[in-house]
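Coordinate inspection notes
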Amino acid sequence: MLKPLTIGSLSLQHNVVLAPLAGITNLPFRLICRQAGASLAYTEMVSVNGLVREGIKTLALLKSSLGDRPLGIQLFGDKPDDLAEAARMIEGYGDLLDINMGCPVRKVVGTGAGSALLQEPLKIAAILRAVRAATTLPLTIKIRSGWHCGDNVFREVGRIAESEGCDAITLHPRSRSLMFSGQADWIQLKEMKEALSIPVLGSGDLFTPEDCLRMLRETGCDGIMIARGALGNPWIFRQVRELQASGSYTPATTAERADTILEHLNLFIAERGEAIAVREIKKHIGWYAKGFVGASEIRRAANSAVSVQDIQKLTEKIRSAPDNAGHIPDDHAK
Ligand SMILES: Cc1cc2nc3c(=O)[nH]c(=O)nc-3n(C[C@H](O)[C@H](O)[C@H](O)COP(=O)(O)O)c2cc1C
């Protein structure tokens, strides 16, 4: 089930990738997930308005490094000409261009972008035609199944994507109206895969290595995108490969957790300086502590941390805690 994946001119070692996550998939987190085995990572979604109107300032959001490849750049916007101009601007910054057509949040749909586009298939076609003509990068879109439950425009959008020259499509099979409630409907992934000849990637409710292999097996989709399941749990990328190879996987040890938090902290420091690094890593420690014996005490200590030394002391506490039965997500961060 895990196998190499080709998206246009981009060849990936395997088909388990890190999803775009606004506010989360910045350079430090991408590097942490790549080390654990993600074959592709995406930037946070970047505003086309920002790129076209503010230029260099917004391009700073695309900061990457040599170890951060291959990199997908995700844009959101709703005007074909602006999207095409943005596509030209980002050409040298990444290896693939994805257009967000699934984001459900009011701030984005209120501008006509994200999942609001699912109500306007003709506009989707115009966007893809303009962008396809503007870039030679592999071009993909990421969608939800529709705006309302049951409208299921994903099939129509999939056909448009294929005929307008998209190289792959990712489906998160929930409607916009569901936001993150209920369960993702994986049957829609199977339908999408059967209807298209371009690669289909699946997203939705991948919280364990078992979920990942089950999605690949049950839907036949070409690849999967791990999102909330990677928060505080980058090891899921190595575990899914272990599970396929040997039928089992090693849980993350407390030493591995402590080392990863320190490494993540240091990547933030290098990127943004100590003050912002402490603020950012505190959010991630909340996730790294999920399913961990003493999680609430760790979260409390993280919340009151004010310095790099406080975080370092906290990781030593984690390191010396007994290993428990691995990472058992106790809730799903939204
Ligand atoms: C905090 C958060 C931020 C997200 N940001 C983005 C984003 O910027 N672009 C995007 O296409 N999807 C975004 N998503 C959706 C995820 O990529 C993914 O499709 C969704 O969470 C379903 O997968 P999961 O159930 O495995 O988490 C976001 C989801 C969450 C929870």
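Residues numbered from 1 in each chain as written. Predicted model: local features only at pLDDT ≥ 70, side-chain atom pairs only at ≥ 80, totals over all residues. Heavy atoms only, no water.

Attention now goes to the overall build of the protein. Each helix and strand in the protein was counted, giving 14 helices and 11 strands. The C-alpha atoms of the protein give 20 Å as radius of gyration, which agrees with the globular expectation for 334 residues (20 Å, within 12%). With the C-alpha coordinates aligned to their principal axes, the bounding extent of the protein is approximately 55 × 45 × 35 Å. Counting all 334 residues of the protein, 59% fall into the buried class. Residue pairs in contact within the protein that sit at least 24 positions apart in sequence constitute 68% of those at least 6 positions apart. As presented, the protein carries roughly 13700 Å² of accessible surface, and 54% of it is formed by carbon and sulfur atoms. (Helix = DSSP H or I, 4+ residues; strand = E, 2+ residues; numbered from the N terminus. Rg over C-alpha atoms; globule rule 2.2 N^0.38 Å. Buried < 20%, exposed > 50% of the residue type's maximum accessible area, 1.4 Å probe, protein only. Contact = heavy atoms within 4.5 Å. Areas by Shrake-Rupley, 256 points an atom, 1.4 Å probe, with all protein chains shown as cover.)

Let us now look at helix 11 (residues 254-272). Between the first and last C-alpha of helix 11 there are 27 Å, a value that for 19 residues agrees with the 27 Å anticipated at 1.5 Å per step. Every buried residue of helix 11 is listed here: Thr254, Arg257, Ala258, Thr260, Ile261, Leu262, His264, Leu265 and Phe268. Check the buried side of helix 11 and you find it contacts helix 1 (27-36), helix 12 (274-288) and helix 14 (308-320). (Expected span 1.5 Å × (residues − 1).)

The next thing to look at is the pattern of salt bridges. Note that side chains of opposite charge can pair when their charged atoms are close. Evaluation of the coordinates by the stated rule reveals 24 salt bridges. The salt bridge partner of Asp167 is Arg132, with a shortest N-O separation of 3.0 Å. Highlighted residues: Asp167 in the loop between helix 7 (154-163) and strand 9 (168-175) and Arg132 in helix 6 (residues 121-134), separated in sequence by 35 residues. When its relative accessible area of 22% is taken as the criterion, Arg132 is described as partly exposed. (Salt bridge = Lys/Arg side-chain N within 4 Å of Asp/Glu carboxyl O.)

On to the confidence of the model for the protein. Summarising the model, the protein shows a mean pLDDT of 93, and 97% of its residues fall at 70 or more. Here residues 325-334 is modelled with pLDDT under 50, and outside its nearest four sequence neighbours on either side it reaches 23 contacts, counting other chains as well. (pLDDT = per-residue confidence, 0-100.)

Every one of the 18 residues lining the ligand counts as a neighbour, but Gln74, Lys142, Ser203, Asp205 and Arg228 are closest to it. Between the ligand and Pro20 there is a distance of 3.0 Å, counted from an oxygen atom to a backbone nitrogen or oxygen. Taking 610 Å² as the accessible area of the ligand by itself, protein coverage stands at 91%. Looking at the shell around the ligand, its residues break down into nine nonpolar, five polar and four charged. (Near = heavy atom within 4 Å. Polar contact = N/O pair within 3.5 Å; in protein donor to acceptor, adjacent residues only side chain to side chain. Nonpolar A, V, L, I, M, F, W, Y, C, P; charged D, E, K, R; others polar.)

Side chains Gly223 and Met225 of strand 11 (residues 223-226) all project onto a buried face; the interleaved residues Ile224 and Ile226 project onto the opposite face, where all are buried too. Where strand 3 (residues 16-18) meets strand 11, three bridges bridge the pair, whose relative direction is parallel. Bridged to Val16 within strand 11 is Ile224. Alignment of strand 10 (residues 200-203) against strand 11, held across three bridges, turns out to be parallel. Note that in strand 11 the partner of Gly202 across the bridge is Ile224. For the segment spanning strand 10, helix 9 (residues 209-219) and strand 11, crossover handedness is right-handed. (Pairing = 2+ DSSP bridges. Right-handed = clockwise from strand over helix to strand, strands pointing away.)

Let's shift gears to the nonpolar core. Counting residues in each nonpolar core, the largest one holds 82 residues, and the members touching the most others are Leu128, Ile141, Ile143 and Phe237. For this core, the leading source of residues is helix 6, giving seven residues. Among all residues touching Leu128, those that are not within four sequence positions of it are Ile99, Met101, Leu139, Ile141, Ile160, Ala161, Glu164 and Cys166. Of all hydrophobic cores here, the second largest spans 22 residues; its members include Ala252, Ile261, Leu262 and Ile298. (Core = buried A, V, L, I, M, F, W, Y, C linked by side-chain atoms within 4.5 Å.)

Tracing the sequence through the fold places Met101 in strand 7 (residues 96-101). For Met101, a relative accessible area of 0% translates into the label buried. Separated by 62 residues in the primary sequence, Met101 and Ser39 have C-alpha atoms spaced 23 Å apart. Ignoring any residue separated from it by four or fewer positions in sequence, one finds Met101 in contact with Gly114, Ser115, Leu117, Leu118, Ile124, Ile127, Leu128, Ile141, Lys142, Ile143 and Arg144.

In this section: the packing of helix 12 against helix 13 (residues 295-304). With their axes 9 Å apart at the nearest point, helix 12 and helix 13 run at an angle of 180° to one another. For the element pair helix 12 / helix 13, the angle class is roughly antiparallel. Judged by residue contacts, Lys282, Ile285 and Gly286 of helix 12 engage Ile298, Arg299, Ala302 and Asn303 from helix 13. (Axes fitted to C-alpha atoms, helices over the stretch in contact; angles between N-to-C directions. Parallel < 35°, antiparallel > 145°, perpendicular 65-115°, else oblique.)

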